Amino acid sequence: MKKRLLGTMILVVSTMLFGCSSKSGSEAGTSKESSKIVWAGWSGEEESTKPFINDLIHSYNSEAKDKVKWVGWPWKDTQQQLIIRNQGSEQLDVAQVDINMFGALAKMGLLEDINTLLGKKELSKTYEGSALKVGQVDGKQLGVPWSVASIGMVYNPTILKKAGYDNPPKTIAEFEDCMAKIKAVDPDIIPYGVATKEETMATDFQPWLWTFGGKILKNGKVTLDSSKTKDAMNWYKELLKNNFIQMNMTRFDARQLFAEGKLAFYDDAISAKGVAMQNGISEDKLAESIQPMERPVLNSGDDPQAAMWGHLLVVFKKSKNKEEALSFIKFVTSEKQALKYLNSNGMPPVVKSALSSDEVKADTWTKSWLDYSKTGQRLEFTVEQNGSELNNILVEELQGILLNKKSVDEGVTSASKRIDEAINQ
Amino acid sequence: MFEKSRGFKVFITIFAIVIGIFIFFPLFWMINTALKSPSKTYTVDLFFSSFTIDNFKNVLFDRQILTYLRNSLFVSFTSSFLSTIVSMFAGFSFSKFRYRGRASLMSLIMMAQAFPQAILLLTLYTMMQKLRLDGSYISLMLSYIAFVLPVGTWTLKAYFDQLPDSLIESAKVDGAGWFRIIFQIMFPLAVPGVISTAIYSFVWSWNDLLYSLTLITEDAKRTLAPGLVMKYMGEFNNNWAEMMAASIVVSIPVTIIFILLQKYFISGLTAGAVKE
Amino acid sequence: MKLTDKYVGYILVLPAIAIFCAIILYPFINSIFLSFTNKSFVSNEFSFVGLQNYKKIFLSPTFLQALKNTLIFVFFATALPFVGGLIWAIFLDLKFRGAGFLRGATLVNWIIPGASISFLWAFIFDTNRGIVNEFLKNIGIGSGTYNWLGSAETAMIVVILARTWQMLPWYMAFLTGGLQSISFDQIEAARMDGASNWTVLRKIVIPGMKPIMVITLVLGIIGNLQHFDIPQVLTAGGPAGATTMLSTLVYREAFSSYRMGSAATIGTIWAILLGIFSFLYSKKVARD
């Protein structure tokens, strides 16, 4: 008796749920038919950016006749999902990609050259040159910049003051001295939250490698095995030995620790300010809690190093609506929308008219960040098809060195050998 | 089952305490994290120092999460129901029938879990697209049923193995058909196995991230695991406290269902014991 | 049984076999085929490379380390929750008030999404503010800043503990099923003969539960081999590859190196290893 009851119960519940869901399915189906352009990415899914993206799509759809439909994934899965979807017949026109996803998609030949759609002249008339460069691969404009700046360093002025630094350190020697003083003032503070986990570790390591004069690749050849690389790695080791940096540090940990005042320096994108506010720093305390700085240099007079970072918009080769897609991209990057994005999320504009607007000039955070980005370069694996694999190799070897599993020499030799194999495969 | 001798009591008490702490302390810590404001996520403080129910409130009033929850319940229930039936048939067949190819079919089914699922997905995705099943729950449920098959079939086979063949023989003498034998005679006796399989299958669908993420793109159809990751693990920010709150909230209805099912689980057993 | 029963037997397995062939067998055969090619993720052009992928994989230190890690992980992440789940099941089978509730509450662990579990354990073992370090400091062990997840020696322990925590309810549920299917009459009879707890456990409970125990172990091992979420989120396979498993390696090979051929090769080696294992197992079952 009871069993029959259970069976009936399950059946009823399933039918009920099935009824609900098939209804919602058909609702979504109708909205699909009327939209022409499919835009994929992650910002339309995230709590902080979702309102802006929804608003953006809404205002575009209320005017244009070719409606846009959004498809989203988590940020971490976007590249993988874009590639899987390019295999199949599913419609995909425009995507938001970050600079690290961009390279793989470009090298795989999935992206349309924007020059053929819009022309070089018009592009360079509208967009800032340094931002355009970020979307160029082998002479082709495979991505239109949307928000471009560098990954820079930020510091906590209050902590630095306690250690006797009114201004952030300018050279590596000063930087080390500053960290030692911070540690002496308060041993609970971690001086530098450089990433030591996941691919971010490779992102954070490269500008330091450049600072020491090293390069992973030169003209397609692996040049990692050099004394400069070893200097940079020995320096990292020294920092770890002195407890200036910590293993297992992710970007997210660093942001949280920084917001709690337990971290003096870390590397981040321009959105660091907004993140700090979300993590609990009140607006009136911002200036005394977080400030951007130039990366310290080896010898004074050197150019400070920075890695370029940003979001791009790409058009897929398989898209049947390229012209329509492009006019949507123009709308997204337009001065009006870009300034709105700056206001809501602190994402910097890329069109010249917006960059020279009073709003950007008055925004000291954005202004100084963009100034520090001027000497920025793309990360070295950005335009490799298997950039993510190369990053993983670098991270694994670097971790091995830091944990004393390998000597610096062994680690560097093995890293350059593995990177060489992975590139030339 | 065991005599409550002193040695047994000491043994079971010590281990029950250790295992109890191991199971419930992290759970408590999760609730503790969810009850603190996000800026305190990373502290060892207990929740009353900065008590807030905002995280729970946000989750409960979030229509999107409730949609994900409903979708997940639907997908998990249906695939659990279907895979239990399919596994029951297969398990029964393997246990009570002898035919050519039986042994090879059994090991073949076991293979369903023997290959990395990430790789299978690549072929499967293209296949589902050709069949125009991508984006539908059917593709998702078929995969879940397939992955649960080895567990379900082998578990239920083990249960049916314990039931004497004489039960079937006497039922046949009474003129019962196979359908009746399976559902009215064997099924009640295998209820513990059936429930275990159903629960396992339910949780499999419930926890799957990769397949759901790839095969379902429409927001209205999204299930919980990808939904939560998407909502709380962003490019710049991870809202861990609210993610913990959401994880707790969504597991409450499922836990209640499991607790309710336990009654049937035990009553099914006693019924079996009496008949034996 | 009669001859016609044979067909009933076939009909009953038919749905299972049909789903299996569509979802598993075809992609599986396709993958084995790909393991002899240099197919990349994106282009449809490829050529046959023979055993080159296999040679490369077996010579790669990363693969060998991942294989070793996987064996360690699978062993401990199966043995710990198995033993813990069995004791917990016996404890809850004492039928005291609230046992049913506790059993239900235990299942919560298993329903919580893997990503949340990973973060939970990352908090617990956090270097700077984790409760484990705080506790150890308070009882006077260590300085309270041990980097559990950042050290090659301890990262695996945390991964195994997190997985044990997640799966213990599953082992408990299966073993409870086995425990409750043991006949009371037999135990009563043994008791009459003056059997001790230990004898009852060894002579009646374990033999009675054997089929369920074996199934639980086999499925536990296969499940752990497949397991991906926790090592990926908790440690990202690091530090220095200390928690890279075959499952994370395959995923990386496919989705970050985009080498289908090579990923399929690891998958095939994996299937062969399991094949040997299940062959030995079914040999044993056949003997029993």
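Quick caveat: nothing in here was measured; it's all calculated off a predicted structure.

> So what about the overall build of chain B? Which residues, and what values?
Counting its regular elements, chain B contains twelve helices and zero strands. Counting from the amino terminus, helix and strand elements in chain B follow one another as α-α-α-α-α-α-α-α-α-α-α-α. The dimensions of chain B, computed from C-alpha atoms along their principal axes, are 70 × 65 × 30 Å. For chain B, long-range pairs separated by at least 24 residues make up 74% of all intrachain contacts whose partners lie at least 6 apart in sequence. Total accessible area computed for chain B in this model is approximately 10200 Å², and 68% of it derives from carbon and sulfur atoms. Positive and negative side-chain charges in chain B, numbering 22 and 15 respectively, have mean positions lying 4 Å apart.

> Any details on the UniProt feature "transmembrane region" (unreviewed entry) in chain B? Residues and values, ideally.
Residue and element names in this part refer to chain B. Per the UniProt record, the feature "transmembrane region" (unreviewed entry) sits at residues 12-31, 73-93, 105-125, 137-160, 181-203 and 240-261. In the segment residues 12-31, helix accounts for 100% and strand for 0%; the C-alpha atoms at its two ends are 28 Å apart. Across residues 181-203, the secondary structure splits into 96% helix and 0% strand, with the terminal C-alpha atoms separated by 29 Å.

> Pulling in residues and values, what's your account of a nonpolar patch on the surface?
Together, B:Val10, B:Phe11, B:Ile14, B:Phe15 and B:Val18 make up an exposed nonpolar region whose accessible area comes to about 440 Å². Examined against the element boundaries, B:Phe15 turns out to sit in helix α1 (residues 6-34).

> Hey, could you go over the pattern of salt bridges for me, with residue numbers and the actual values?
What the rule picks out here adds up to 30 salt bridges over all chains. Note that A:Lys230 and A:Asp225 form a salt bridge whose closest N and O atoms lie 3.7 Å from each other. Here A:Glu396 makes a salt bridge to A:Arg418, at a shortest N to O gap of 3.3 Å. A residue pair is termed long-range when its members are at least 10 positions apart, and A:Glu396 in helix α20 (residues 387-402) and A:Arg418 in helix α21 (residues 408-423) qualify at 22 residues. A residue is classified by how much of its surface remains accessible, and A:Glu396, at 11% relative accessible area, is buried. Each of A:Glu396, A:Glu397, A:Lys406, A:Arg418 and C:Arg252 takes part in one network of salt bridges that share partners.

> Break down the interface of chain B and chain C for me, citing the residues and quoting the values.
With 97 residues of chain B at the contact, the number on the chain C side is 96 residues. Summing both sides of the interface, chain B and chain C together bury roughly 9100 Å²; the carbon and sulfur share of this comes to 79%. Here chain B and chain C share zero salt bridges between them. Our count for the chain B to chain C interface comes out at eleven residue pairs in polar contact (both at pLDDT 80 or more). If you tally residues by element for the side of chain B that touches chain C, the top one is α1(B), at 16 residues. Along the lines of polarity and charge, the residues of the side of chain B that touches chain C split into 71 nonpolar, 19 polar and seven charged.

> Tell me what's going on with unusual backbone geometry, and back it up with residues and numbers.
Most peptide bonds are trans, and most residues other than glycine sit at a negative phi. Residue and element names in this part refer to chain A. Of note in the backbone geometry, Glu198 takes a positive phi value of approximately 55° without being a glycine. A positive phi angle is found at Asn248, which is not glycine, with a value near 60°. Structurally, the position occupied by Asn248 is in the loop between α11 (227-241) and α12 (251-259). Note on Asn248: relative accessible area 16%, which makes it buried.

> Residue-level account of the nonpolar core, with values.
One broad trend across soluble globular proteins is that nonpolar side chains are buried collectively. Within the largest apolar cluster, 286 residues are counted, with the highest numbers of intra-cluster contacts made by A:Trp39, B:Phe92 and B:Tyr211. When residues of this core are assigned to their parent elements, the largest contribution, 15 residues, is made by helix α6 (residues 137-162) of chain B. Counting residues domain by domain, this core receives three or more from each of domain 1 (36-148 + 308-377) and domain 2 (150-306 + 381-423) of chain A. B:Phe92 has contacts with B:Phe97, B:Phe160, B:Ile168, B:Trp178, B:Ile181, B:Ile182, B:Met186 and C:Leu12, leaving out every residue within four places of it along the chain. Counting 48 residues, the second-largest nonpolar core is a separate cluster that includes A:Tyr155, A:Ile189, A:Met247 and A:Met293.

> Describe the domain arrangement of chain A, with residues and values.
Residues and elements named next belong to chain A. Split by domain assignment, chain A resolves into domain 1 (36-148 + 308-377) and domain 2 (150-306 + 381-423). Together domain 1 and domain 2 conceal approximately 2300 Å² of surface at their shared face, both sides included; 63% is due to carbon and sulfur atoms. Of all residues in domain 1, Trp365, Trp369 and Tyr372 give up the largest surface area on contact with domain 2, accounting jointly for 34% of the area buried on that side. Remark: the boundary between domain 1 and domain 2 carries one salt bridge. For Lys76, the salt bridge is made with Glu198, and the minimal N-O distance between the two is 3.8 Å. For the interface between domain 1 and domain 2, the tally reads seven residue pairs in polar contact (both at pLDDT 80 or more). At the level of elements, α4 (99-107), β12 (306-315), α19 (364-372) and β13 (376-377) are the ones that each hand at least two residues to the side of domain 1 that touches domain 2. Within the side of domain 1 that touches domain 2, the residues separate by chemical class into ten nonpolar, ten polar and three charged.

> Can you break down the UniProt feature "domain: ABC transmembrane type-1" (unreviewed entry) in chain B residue by residue, with the values?
Per the UniProt record, "domain: ABC transmembrane type-1" (unreviewed entry) is found at residues 69-261 of chain B. For residues 69-261 of chain B, helix accounts for 79% and strand for 0%, while the C-alpha atoms at its two ends are 20 Å apart.

> Break down the confidence of the model for chain A for me, with residues and values.
With 92% of its residues at a pLDDT of at least 70, chain A reaches an overall mean of 88. Of the regions scoring below 50 in pLDDT, residues 15-33 of chain A engages in 18 contacts with residues more than four places distant in sequence or in other chains.

> Any details on the side chain of B:Gln117? Residues and values, ideally.
Looking at the secondary structure, you find B:Gln117 in helix α5 (residues 117-130). Residues in contact with B:Gln117, not counting those within four places in the same chain, are B:Phe147, B:Trp204, B:Tyr211 and C:Gln226.

> Account for α6(B), naming residues and giving values.
Residue and element names in this part refer to chain B. Its 26 residues place the ends of α6 36 Å apart at the C-alpha level, agreeing with the 38 Å of an ideal helix rising 1.5 Å per residue. At Leu149, α6 shows its largest kink, close to 45°, and the proline Pro150 lies no more than four residues downstream. The buried fraction of α6 is high, at 22 of 26 residues.

Procedures and definitions
Residues numbered from 1 in each chain as written. Chains lettered and ligands numbered in written order. Predicted model: local features only at pLDDT ≥ 70, side-chain atom pairs only at ≥ 80, totals over all residues. Heavy atoms only, no water. Helix = DSSP H or I, 4+ residues; strand = E, 2+ residues; numbered from the N terminus. Contact = heavy atoms within 4.5 Å. Areas by Shrake-Rupley, 256 points an atom, 1.4 Å probe, with all protein chains shown as cover. Lys, Arg positive; Asp, Glu negative; His and termini not counted. Charge placed at Lys NZ, Arg CZ, Asp CG, Glu CD. UniProt positions renumbered as here; feature names shortened; annotations may be inferred. Patch = residues over 30% accessible without salt bridge, like charges linked within 9 Å, V, L, I, M, F, W, Y side chains within 5 Å. Salt bridge = Lys/Arg side-chain N within 4 Å of Asp/Glu carboxyl O. Buried < 20%, exposed > 50% of the residue type's maximum accessible area, 1.4 Å probe, protein only. Buried area = accessible area lost by both parts, 1.4 Å probe. Polar contact = N/O pair within 3.5 Å; in protein donor to acceptor, adjacent residues only side chain to side chain. Nonpolar A, V, L, I, M, F, W, Y, C, P; charged D, E, K, R; others polar. Core = buried A, V, L, I, M, F, W, Y, C linked by side-chain atoms within 4.5 Å. Domains from an automatic or database assignment. pLDDT = per-residue confidence, 0-100. Expected span 1.5 Å × (residues − 1). Bend = angle between axes of the 7 residues up to and from the residue.

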